[in-house]
Amino acid sequence: MSPDLTDWAPIAAPEGWKVVVAMVIAKGTSAVGPGADGPSGPVIELRGLTKYYGRHRGIEGVDLSIGRGEVFGFLGPNGSGKTTTIRTMLDLIRRTGGECRVLGLDSEAGSKEIRRRTGYLPGEYGLYETLTVEVFLGFLLDLRDARRFEGRMRELADMFELDLGRRIRELSKGNRQKVGLVQAFMHDPELVILDEPTSGLDPIMQQRFYALARSECARGRTVFMSSHLLSEVESVCDRVAIVRDGRLIMVERLDELKDRFGKVLHVTFESDVPRSALEGLGATDLRQEGRSFIMTVRGEIDEVVKAVAAHHVVSLTMETYHLEQLFFDLYNGGGHDGASPSQGARTEGGEKR
Amino acid sequence: MNPPLGMHLLWMTLRQTWKGLLIFSAILVFITWGMTLVYPEFLEMQEEDLSEAQGIKLSWQDEDKDIINLTWHPVPGAVNYTVLENNQSFDISTIIALLGGDPANLTISVAYVGTGTSLVKAVDVNQTWYYTVLIHLADGNMTGTGVVTTKDIGITIYEKMMEDPVYSAFSGGRNINIFSFRGFVDVELMSYWALMVGFYAAYFGVGSVSRDVERKTMDILLSTPLSRRRLLLERGAAVALAMLLLSVVGGIGVLIGGVQAGVDVPAGDVMAAFIGCWPLLVAIGALSMLLSVLLNDQKAAMGLSFALVLVFYVLNYASFLSKGLKSLRWVTPMGYYDHTGLILGDWSRWGDVGAMLALTAAIALLAAWLFQRKELPT
């Protein structure tokens, strides 16, 4: 079935871009391959995936299974193996060992078919500087033999407020990233693999991207995105994997993860407030520096906020865990018994590895 | 618009490179056209006697050729003239010695000092004699004429050139008459055409792969269903088309220049000589692409490609310098481009074309095989 994107008449959108997103979703009939509509096994399946660059380890023994309709976050600091995993899945580099299946196909033998049904945004990439955005994206559609998705390409560009007539060399970093995002989504792929997708995007565009990712998943597409920001995957992902030094140290549902690590609350009062006023409220790791307190809140925050509000507050900030902090906790924190990597590492079924 | 055979990458490549290609085409036309325009003036040199140099002329006074007659142009403001005579030529060490170096090395003698502008003198006919005139000016400065030698009396440039194996090598060992239009074009243009355009072929070939790696566009390109083999094929086709364009415009430059110079231009043979270079250029382009695939360092690939083009040229050139080196012609791709034969109307060397096509095909297969296995650098 070929999608019909031409009969769509733009309407005045009271809710702005959200309507556009909804229409992109409604219009999309996908470039999906045979059996794509059925829930036929995992979209990405890695078993003991290993990649060495000569003697240097890229990744080792990565096991991962990602189902249809998931937004999956792949977290790790720079150099941890995120990009290596992604580039192996796309056959840009070759695995040293293990299994790597994407859309049910072997990543090397079925590479062409995988690439046909997948969208990809590299972490670092260049564009054809002398072309206009429209010509460049049109060229990529041509390479995919997917000119029929030109309408969707325009809708996505509209959604990201990307001017198709501009020359690429005139674009800012954020606009370049929008070009990258549009090309990854425009041919309505079953699977979209994104390496640091919001890099360079302003907060509004980040939100639009999150909305797009979520809506794509709602219609059965799968989004696999790497990031080094926990706050980012928090906004959009269902599940996350954390990779460090080339090894997968944890795969977990995001809501469980949030409960486990909570948020860090910084509060400064105008006058002295006794420590006891904030103790026993479900906040842990309470530290006091004069009139300032730092604490970690897991689960419900209501009780803590109300206790804080009973005093005159000068400043209040709440931070989601930074990944660095998360790693710190994974390896050293969480009390003396500490959540070790092995304790944190779980497979999809929740069993410990 | 759908390009022929759906070769979107080919057309995109041409679209991205047409400016550079146009500039290089213009340069080539300028060279071939400009050089051809010079031909009528070049013809005038044909009968020029080598025994005449800047401001000085040497001839035999008698039939026995043992008395020379040296004349030089009077110079305004000259106080006197000193004629220097030597039987070892006025090489650089002689000049240095003359200008105040070690007098022990001074092997020249003064044949004349005075205000006259000619000298008649008996010489030992068993030796070759060289003459030059130093002119002392009223303001204390000194100037000089060119150098003439008894060896060159009565010999034309053409005759002298024919004695020279270097000239012969430039014309593919055929001693083509440089004063004929075909000979002129062959020696003055075709002798270095393959080198000049070969460098561009190497540049274009390496760029076909390296540009996308260096500008980090390869990941996006290869995340589409475009196969690596197809990428090389379409990029190779772009190289081939670009080289065909350059070959044709080079020939056209000669045709226009020739007509403007009033020459009866052998158009077919001229175009054959230029287009005959095309298979060689395509082979060079393919080889450069192979190097670009083989090496991760694209600057090294570029440098190596340029070096190879130069080596191919020098080997081919050297193969004509002596019989012992003749077999070099079989190992250098440049040896399979007989521009002199083509411009003389001998179009029969289809084996050369076949050899270059076979070489290109072999290189392309190897490059595709390697590229398929290559890990794309980030």
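Just so we're clear, the structure is a prediction, and the values are computed from it rather than from any experiment. (Residues numbered from 1 in each chain as written. Chains lettered and ligands numbered in written order. Predicted model: local features only at pLDDT ≥ 70, side-chain atom pairs only at ≥ 80, totals over all residues. Heavy atoms only, no water.)

(A) Representation of the overall build of chain B within the structure. Along chain B, the regular secondary structure elements total 14 helices and 9 strands. Against the 2.2 N^0.38 benchmark of 21 Å for 378 residues, chain B shows a C-alpha radius of gyration of 28 Å, more extended than a compact globule. Taking the principal axes of its C-alpha atoms as reference, chain B extends roughly 90 × 50 × 40 Å. When contacts within chain B are restricted to residue pairs at least 6 apart in sequence, those whose partners lie at least 24 apart make up 71%. Of the accessible surface of chain B, which amounts to about 17,800 Å², a share of 63% is contributed by carbon and sulfur atoms. (Helix = DSSP H or I, 4+ residues; strand = E, 2+ residues; numbered from the N terminus. Rg over C-alpha atoms; globule rule 2.2 N^0.38 Å. Contact = heavy atoms within 4.5 Å. Areas by Shrake-Rupley, 256 points an atom, 1.4 Å probe, with all protein chains shown as cover.)

(B) Structural detail: the pairing of strand 7 (residues 130-137) of chain B. Residues and elements named next belong to chain B. The buried count for strand 7 comes to 6 of 8 residues, which makes it a mostly enclosed element. Pairing of strand 4 (residues 78-86) with strand 7, which is carried by 8 bridges, proceeds in the antiparallel orientation. Looking across to strand 7, one finds that L84 is bridged to T132. Between strand 7 and strand 8 (residues 142-144), which pair antiparallel one after the other, the connecting turn spans 4 residues, and G140 there sits at a positive phi close to 90°. (Buried < 20%, exposed > 50% of the residue type's maximum accessible area, 1.4 Å probe, protein only. Pairing = 2+ DSSP bridges.)

(C) Summary view of the sheet that holds strand 9 (residues 239-244) of chain A. All names here are of chain A. Pairing is mixed in the open sheet, where 6 strands are placed in the order 6-7-8-3-9-10. Looking along the sheet, the strands with just one partner apiece sit at the ends: strand 6 (118-121) and strand 10 (247-253). For this sheet, the mean inter-axis angle between neighbouring strands, taken without regard to orientation, is 15°. Where strand 6 meets strand 7 (residues 191-195), 4 bridges bridge the pair, whose relative direction is parallel. (Axes fitted to C-alpha atoms, helices over the stretch in contact; angles between N-to-C directions.)

(D) Molecular detail of the state of the cysteines. Residue and element names in this part refer to chain A. According to the stated counting rule, one finds 0 disulfides over all chains in the structure shown. C237 supplies the cysteine sulfur nearest to C100, a cysteine that is in no disulfide, at a spacing of 19 Å. Left without a disulfide partner, C217 is nearest to the cysteine sulfur of C237, which lies 8.7 Å away. A residue is classified by how much of its surface remains accessible, and C217, at 10% relative accessible area, is buried. (Disulfide = S-S within 2.5 Å.)

(E) Examining the packing of aromatic side chains more closely. Residues and elements named next belong to chain B. Under the criterion given, the structure shown has 21 aromatic pairs over all chains. Consider the rings of Y39 and F184, whose centres lie 5.0 Å apart with planes at 50°: the pair is tilted. Here Y39 is found in helix 2 (residues 39-44), whereas its partner F184 is found in helix 6 (residues 181-214), with 145 residues between them in sequence. For the pair shown, Y39 and F184 are each scored as buried. With centroids separated by 5.9 Å and ring planes inclined at 55°, the aromatic side chains of W72 and Y112 adopt a geometry described as tilted. Pair noted here: W72 is in strand 3 (residues 67-72) and Y112 is in strand 5 (residues 109-114), with a separation of 40 residues, a long-range link. (Phe/Tyr/Trp six-rings, centres within 6.5 Å; stacked < 30°, edge-to-face > 60°.)

(F) Just the packing of helix 6 (residues 173-185) of chain A against helix 7 (residues 203-218) of chain A, in detail. Residue and element names in this part refer to chain A. Between helix 6 and helix 7, whose axes approach to 12 Å, the crossing angle comes to 10°. Taken together, the axes of helix 6 and helix 7 are roughly parallel relative to one another. For the pair helix 6 and helix 7, the contacting residues are K178, L181 and F185 in the first and M205, F209, L212 and E216 in the second. Of the residues that constitute the contact of helix 6 with helix 7, the class distribution is 5 nonpolar, no polar and 2 charged. (Parallel < 35°, antiparallel > 145°, perpendicular 65-115°, else oblique. Nonpolar A, V, L, I, M, F, W, Y, C, P; charged D, E, K, R; others polar.)

(G) Structural view of the pattern of salt bridges. Counted by the stated rule, this structure contains 35 salt bridges over all chains. Taking the shortest distance from any N to any O, the salt bridge between K216 of chain B and E124 of chain A comes out at 3.6 Å. One end of the pair, K216 of chain B, is in the loop between helix 6 and helix 7 (218-222); the other, E124 of chain A, is in the loop between strand 6 and helix 4 (133-143), on a second chain. A relative accessible area of 58% means that E124 of chain A is categorised as exposed. (Salt bridge = Lys/Arg side-chain N within 4 Å of Asp/Glu carboxyl O.)

(H) Structural context of the domain arrangement of chain B. Taken domain by domain, chain B holds domain 1 (4-43 + 167-373) and domain 2 (52-155). Here domain 1 of chain B and domain 2 of chain B have C-alpha centroids that lie 48 Å from each other. (Domains from an automatic or database assignment.)

(I) How the structure looks around empty space enclosed by the protein. One pass over the structure, following the stated rule, counts 2 cavities of 30 Å³ or more. If you go around the largest cavity, the residues you meet are Y128 of chain A together with T13, Q16, T17, R211, D212, R215, T217 and R235 of chain B. Only helix 1 (8-37) and helix 6 of chain B provide two or more residues apiece to the lining of the largest cavity. Broken down by element, the residue count for the lining of the largest cavity peaks at 3 residues, all from helix 1 of chain B. In terms of residue class, the lining of the largest cavity is built from 1 nonpolar, 4 polar and 4 charged. (1 Å grid on protein atoms, 1.4 Å probe; cavity = no way out; pocket = protein on both sides within 12 Å on 5 of 7 lines; lining within 4 Å. Points joined across faces, edges and corners; volume = space filled by probe spheres on them.)

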